[in-house]
Amino acid sequence: TTFQIVEEKASQIKGLAKSAEKTGSAYIALKYYKELVVLKPEKDLYLLKLAELYMYTRNYAEAAKCFKEIVDKSGEGKDAKYPDALFTGLLCKSK
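This section reports on the structure supplied with the text. (Residues numbered from 1 in each chain as written. Predicted model: local features only at pLDDT ≥ 70, side-chain atom pairs only at ≥ 80, totals over all residues. Heavy atoms only, no water.)

### Some points on the overall build of the protein chain
Okay, so step 1: Within the protein chain, the secondary structure is distributed over 5 helices and 0 strands.
Okay, so step 2: Order of helices (α) and strands (β) in the protein chain, N terminus to C terminus: α-α-α-α-α.
Okay, so step 3: Counting only residues that meet the buried cut, the protein chain has 35% of its 95 residues in that class.
Okay, so step 4: Considering only residue pairs separated by 6 or more positions, the protein chain has 32% of its internal contacts joining residues 24 or more positions apart. (Helix = DSSP H or I, 4+ residues; strand = E, 2+ residues; numbered from the N terminus. Buried < 20%, exposed > 50% of the residue type's maximum accessible area, 1.4 Å probe, protein only. Contact = heavy atoms within 4.5 Å.)

### Let's talk about the packing of aromatic side chains
Okay, so step 1: If you walk through the whole model with that rule in mind, you get 1 aromatic pair.
Okay, so step 2: For the pair Y33 and Y46, a centre-to-centre distance of 6.4 Å together with 45 degrees between the ring planes defines the contact as tilted. Residue Y33 is located in helix α2 (residues 26–39), and its partner Y46 is located in helix α3 (residues 44–56); the two are separated by 13 residues in the primary sequence.
Okay, so step 3: Residue class for Y46 comes out buried when judged on its relative accessible area of 9%. (Phe/Tyr/Trp six-rings, centres within 6.5 Å; stacked < 30°, edge-to-face > 60°.)

### Some words on unusual backbone geometry
Okay, so step 1: Phi angles above zero are rare outside glycine, and R58 is one such case at about 65 degrees.
Okay, so step 2: By the element assignment, R58 lies in the loop between α3 and α4 (60–74).
Okay, so step 3: For R58, a relative accessible area of 65% gives the class exposed.

### Quick notes on the environment of I13
Okay, so step 1: Inspection of the secondary structure puts I13 in helix α1 (residues 2–22).
Okay, so step 2: We classify I13 as buried; its relative accessible area is 5%.
Okay, so step 3: For I13 and E35, which are 22 residues apart along the polypeptide, the C-alpha to C-alpha distance reads 7.7 Å.
Okay, so step 4: Aside from chain neighbours lying at most four places away, what touches I13 is Y32, E35, L36 and L39.

### Brief notes about α2
Okay, so step 1: Helix length check: α2, at 14 residues, gives a terminal C-alpha distance of 20 Å against a target of 20 Å (1.5 Å per residue), a fit within 8%.
Okay, so step 2: Among the residues making up α2, those that are buried are A26, A29, L30, Y32, Y33, L36 and V37.
Okay, so step 3: The elements touched by buried residues of α2 are α1 and α3. (Expected span 1.5 Å × (residues − 1).)

### Here we look at the environment of C66
Okay, so step 1: Within the element layout of this structure, C66 appears in helix α4.
Okay, so step 2: A C-alpha to C-alpha distance of 10.0 Å links C66 and Y46, two positions 20 residues apart in sequence.
Okay, so step 3: With residues up to four places along the chain from it excluded, the contact list for C66 reads L47, L50, A51 and Y54.

### Quick notes on the nonpolar core
Okay, so step 1: Ranked by internal contacts, the top residues of the largest apolar core, which has 22 residues, are Y33, L36, L47, L50, L53, Y54 and C66.
Okay, so step 2: Every element with two or more residues in this core is listed here: α1, α2, α3 and α4.
Okay, so step 3: Among all residues touching L47, those that are not within four sequence positions of it are V37, C66, E69 and I70. (Core = buried A, V, L, I, M, F, W, Y, C linked by side-chain atoms within 4.5 Å.)

Shown next as structure tokens:
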């Protein structure tokens, strides 16, 4: 089924992204996490990883967009899913 194909592809890309991160290839990891965010938009963790990689590569504007999206999706309450993203996202919103 289509679901299985997407899951399989996402699993392969996730492995490649993690491998790129481990070897210090931040720009390659960025490419893979961008693909994962498109394939699996419900997975906030991929968006968080993308934001972190944008910060690492000093692309602060794109990192801010990702953090804002995480905050918009998870809410601003004390039960937010990713508190660090919440904090950074709120800082980005204030600018």
